Amino acid sequence: MSNGHSSCGILGLFLGFLTGLVWLLLATLGVITKFLIILTLGALANIFNILISLIGFLVVIIFGLLIFKKVWRCHFKK
């Protein structure tokens, strides 16, 4: 049983962090907007770009915090 702590390893947390960075980078560079314009969904491109960049930012913050907490606990283990 877990007592509220993350049960996944540092590799899983790091991969989640990198995934969030990739989504944030794709949204920032406009790759998602260009892709949706190619699919003739240009009217929805800005909305999806904002949503994906927001989700990417939140994923980076959450997984970054979890990585920091896991490293902090391992470093100061008594």
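The preceding data block contains the structure.
Residues numbered from 1 in each chain as written. Predicted model: local features only at pLDDT ≥ 70, side-chain atom pairs only at ≥ 80, totals over all residues. Heavy atoms only, no water.

1. Describing the overall build of the protein chain
Scanning the protein chain from N- to C-terminus turns up three helices and zero strands. Secondary structure of the protein chain in N-to-C order comes out as α-α-α. Of all 78 residues assigned to the protein chain, the portion counted as buried reaches 18%. The contacts of the protein chain with a sequence gap of at least 6 include a subset with a gap of at least 24, amounting to 68%. Carbon and sulfur atoms make up 78% of the accessible area of the protein chain, which totals about 6,100 Å². (Helix = DSSP H or I, 4+ residues; strand = E, 2+ residues; numbered from the N terminus. Buried < 20%, exposed > 50% of the residue type's maximum accessible area, 1.4 Å probe, protein only. Contact = heavy atoms within 4.5 Å. Areas by Shrake-Rupley, 256 points an atom, 1.4 Å probe, with all protein chains shown as cover.)

2. Considering the side chain of Thr33
Within the fold, Thr33 resides in helix H2 (residues 31-38). Of the residues examined, Thr33 reaches a relative accessible area of 15% and is grouped as buried. Only 3.2 Å separates the side chain of Thr33 from the side chain of Asn49, close enough to count as a polar contact. The residues touching Thr33, leaving out its near neighbours within four places in the chain, are Ala45, Asn46 and Asn49. (Polar contact = N/O pair within 3.5 Å; in protein donor to acceptor, adjacent residues only side chain to side chain.)

3. Looking at a nonpolar patch on the surface
Among the surface-exposed residues, Ile10, Leu11, Phe14, Leu15, Leu18, Leu21 and Val71 lie close enough to one another that they form a single nonpolar patch of about 610 Å² accessible area. Sort the elements by how many residues they give to the nonpolar patch and helix H1 (residues 10-29) lands first, with six residues. (Patch = residues over 30% accessible without salt bridge, like charges linked within 9 Å, V, L, I, M, F, W, Y side chains within 5 Å. Salt bridge = Lys/Arg side-chain N within 4 Å of Asp/Glu carboxyl O.)

4. Quick word on helix H3 (residues 42-75)
In a regular helix each residue adds 1.5 Å, so 34 residues correspond to 50 Å; H3 covers 49 Å between its end C-alpha atoms and thus fits that length. Packing partners of the buried residues in H3 comprise H1 and H2. (Expected span 1.5 Å × (residues − 1).)

Read these as geometric descriptors, not functional statements.
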